[in-house]
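Understanding the architecture of this molecule
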Amino acid sequence: MALRRVLSSLRPGIPRLAPLSTAPAAREESAAGPGPGPVPGPGRGSAEAVRPQVPAVDFGNTQEAYRSRRTWELARSLLVLRLCAWPALLARHEQLLYVARKLLGERLFNKLMKMTFYGHFVAGEDQESIQPLIRHNRAFGVGTILDYGVEEDLSPEEAEHREMESCTSAAERDGSGTNKWEKQYEAHQAFRDRRNGVISAHTYFYANEAKCDSHMETLLRCIQALGAASDDGFLAIKLTLLGRPQFLLQFSDVLTKWRRFFHQMAAEQGQAGLPAMDTKLEVAVLQESVAKMGIASRAEIEDWFAAETLGMSGTVDLLDWSSFVDGRTKLAKHLLVPNAQTGQLEPLLSRFAEEEELQMMRMLQRMDVLAKKATEMGVRLMVDAEQTYFQPAISRLALEMQRRFNVERPLIFNTHQCYLKDAYDNVTLDMELARREGWCFGAKLVRGAYMAQERARAAEIGCEDPINPTYEATNAMYHRCLDYVLEELKHNAKAEVMVATHNEDSVHFTLRRMEELCLHPTDHQVYFGQLLGMCDQISFPLGQAGYPAYKYVPYGPVMDVLPYLSRRALENSSLMKGARRERQLLWLELLRRLRTGSFFHRPA
């Protein structure tokens, strides 16, 4: 079947899973004892006592926070952030931009944007023009996460047409085929324009394979430019930029059904509601359940769940279970799950049309080309999270790339959205898989960018809301996931995490836990990330204190990044508390420079 062939091509030689070993005591023994344990990171071991003391970080010290900025840049920031807080302006900003373009003409309009919103939020128009900003920030301790900010300015009608065309098969559109996908993994009429309700993430609509190849070539040039300008930069990528989203929808459906089937059998064994890594099926009971389905002989079933496949534990956990969804196991061709509507067993892996299978392979090939180029240039790839109906497939493909390329250090980072109810399970599963298979864990933790859209969609189609019920619950989930990862970093010098947040409380939490766990900034295991044009009072004090701090740096021609600029303005308006504090700090720094005669400050 198509999905099995795709997964088989991704992983020609993945080691078998080792027995589960998540207890802290076992991890500490492994890290300290003989054998192929984690290699001590920079400054670890006997040198720990001589590492430089970490300076205190003060996010209220405006002189340090804005030392890299000229006074006119502070004034522009203050103007832009103030305009972003003006509700009447934001309500009509698209009409105002349209009128300004008509009245001024494209050349003058571009100049106006570069003096204001574009100049504040965007690094430049092409790979050459962004180099000065990358080097300038690097001189003040802040690295770069390059972000290709170009989006097509599609009308709602055109966006909706493209979405429906790219998220359904040819057979479904012409009525010759039946749709067996669950409703949360189908394209729905009410949500055909994925931009609606999303204010802080790029949205790409599939046009054709040639356009995806063009995007790949652009990202290759980004990697080349970033590698030339930075020693340790990141490139952010979205998989919906690289291929047809129908594959992501259908593969997500497959992965979710198979995971749900595991939890159904766990419930039959009295393990309902346990955390993912604590849920273990007894092999003997599992074999009996599968035998009752009548899909194979008992001898075949015993061979599927042999000790050489699962280890000697006598149990099957979710990682073992997930490993069956590929071509390495004899069980794969028999994968059946109960249909929730009919109660009948159905094949889990469905057949794609020949052209759709080719489109899957091309997406994977583009990912492979980018990862090899990134390895060559010393650039890391950060796979951005997207909507929940795409995310299981995106996370699985990112994981497959991590297996291949995260050998000596994390080259591929996956993104975990902590506003999701299952965020902690996803983080712990990825961490345990990296530990068992011996590759380097790399993750970016964010709160999430699709909350309003996800909630509205779940309510419309009658599915469970995947989002945590309150902002406080999301904060608690973020800190729970982060704390788990930081604990692992203490014992594993090759694991790394990007703390991507504008929330000062979360940054303070991270700094405190790093101190308690003796994670030194020079170990380069914990990174911090904020958007260009936002929260300089966090990024630059961290960078100047020696912490690995990064800015998300978008670039692209003025007219092509207008959709991005619109969302940046809206996002600032939605983060009123943080934006208000930032404006206050900018005012304080302007007044300080006036009082001290440093109004013409030149960064040095």
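None of these values were measured; they are calculated from a predicted model. (Residues numbered from 1 in each chain as written. Predicted model: local features only at pLDDT ≥ 70, side-chain atom pairs only at ≥ 80, totals over all residues. Heavy atoms only, no water.)

1. As for the sheet that holds strand β9 (residues 442-446)
Spatial strand order, β1-β2-β7-β8-β9-β10-β11-β12: 8 strands in a closed barrel with parallel pairing. Sheet twist, expressed as the average angle between the axes of neighbouring strands with direction ignored, equals 30°. Pairing geometry for strand β8 (residues 412-417) and β9, over 4 bridges, is parallel. Directly across from histidine 416, in β9, lies its bridge partner leucine 445. Sheet contacts for helix α18 (residues 391-405): β7 (380-383), β8 and β9; angle to β8, the most-contacted strand, approximately 150°. Set on the sheet, helix α19 (residues 423-437) makes contact with β8 and β9; between it and β8 the angle comes to about 160°. (Pairing = 2+ DSSP bridges. Helix = DSSP H or I, 4+ residues; strand = E, 2+ residues; numbered from the N terminus. Axes fitted to C-alpha atoms, helices over the stretch in contact; angles between N-to-C directions. Contact = heavy atoms within 4.5 Å.)

2. Topic: the side chain of threonine 71
Counting through the fold element by element, threonine 71 comes out in helix α4 (residues 71-84). Residue threonine 71 is classed as buried on the basis of its relative accessible area, which comes to 7%. One polar contact links threonine 71 to arginine 593, side chain to side chain, over a distance of 3.1 Å. Not counting residues within four places of it along the chain, the set of residues in contact with threonine 71 comprises Leu590, Arg593, Ser598, Phe599, Phe600 and His601. (Buried < 20%, exposed > 50% of the residue type's maximum accessible area, 1.4 Å probe, protein only. Polar contact = N/O pair within 3.5 Å; in protein donor to acceptor, adjacent residues only side chain to side chain.)

3. Here we look at the confidence of the model for the protein chain
For the protein chain, the mean per-residue pLDDT works out to 82, and 80% of the residues sit at or above 70. Low confidence marks residues 12-43, where pLDDT is under 50. Its contacts with residues over four positions away, or in another chain, come to 46 contacts. Segment residues 327-332 is flagged for pLDDT under 50; beyond a separation of four residues in sequence, or across chains, it makes 15 contacts in the model. (pLDDT = per-residue confidence, 0-100.)

4. Let's talk about the pattern of salt bridges
Under the counting rule described, the total for this entry stands at 34 salt bridges. One salt bridge in this structure joins arginine 67 and glutamate 64, with 3.5 Å as the shortest N-O distance. You can call arginine 67 partly exposed: its relative accessible area is 27%. Taking the shortest distance from any N to any O, the salt bridge between lysine 444 and aspartate 384 comes out at 2.9 Å. With lysine 444 in strand β9 and aspartate 384 in the loop between β7 and α18, the pair connects residues that are 60 residues apart, well separated along the chain. As far as the burial class goes, lysine 444 and aspartate 384 line up, both buried. One salt-bridge network, held together by shared partners, links Asp317, Asp320, Glu432, Arg435, Arg436 and Glu488. (Salt bridge = Lys/Arg side-chain N within 4 Å of Asp/Glu carboxyl O.)

5. A few points about the environment of proline 521
Mapped onto the elements, proline 521 comes out in the loop between α22 (504-516) and β11 (526-531). With 468 residues separating them along the chain, proline 521 and glutamine 53 place their C-alpha atoms 9.9 Å apart. Discounting residues that sit within four places of it in the chain, proline 521 has contacts with Val54, Met514, Gly546, Tyr547 and Pro548.

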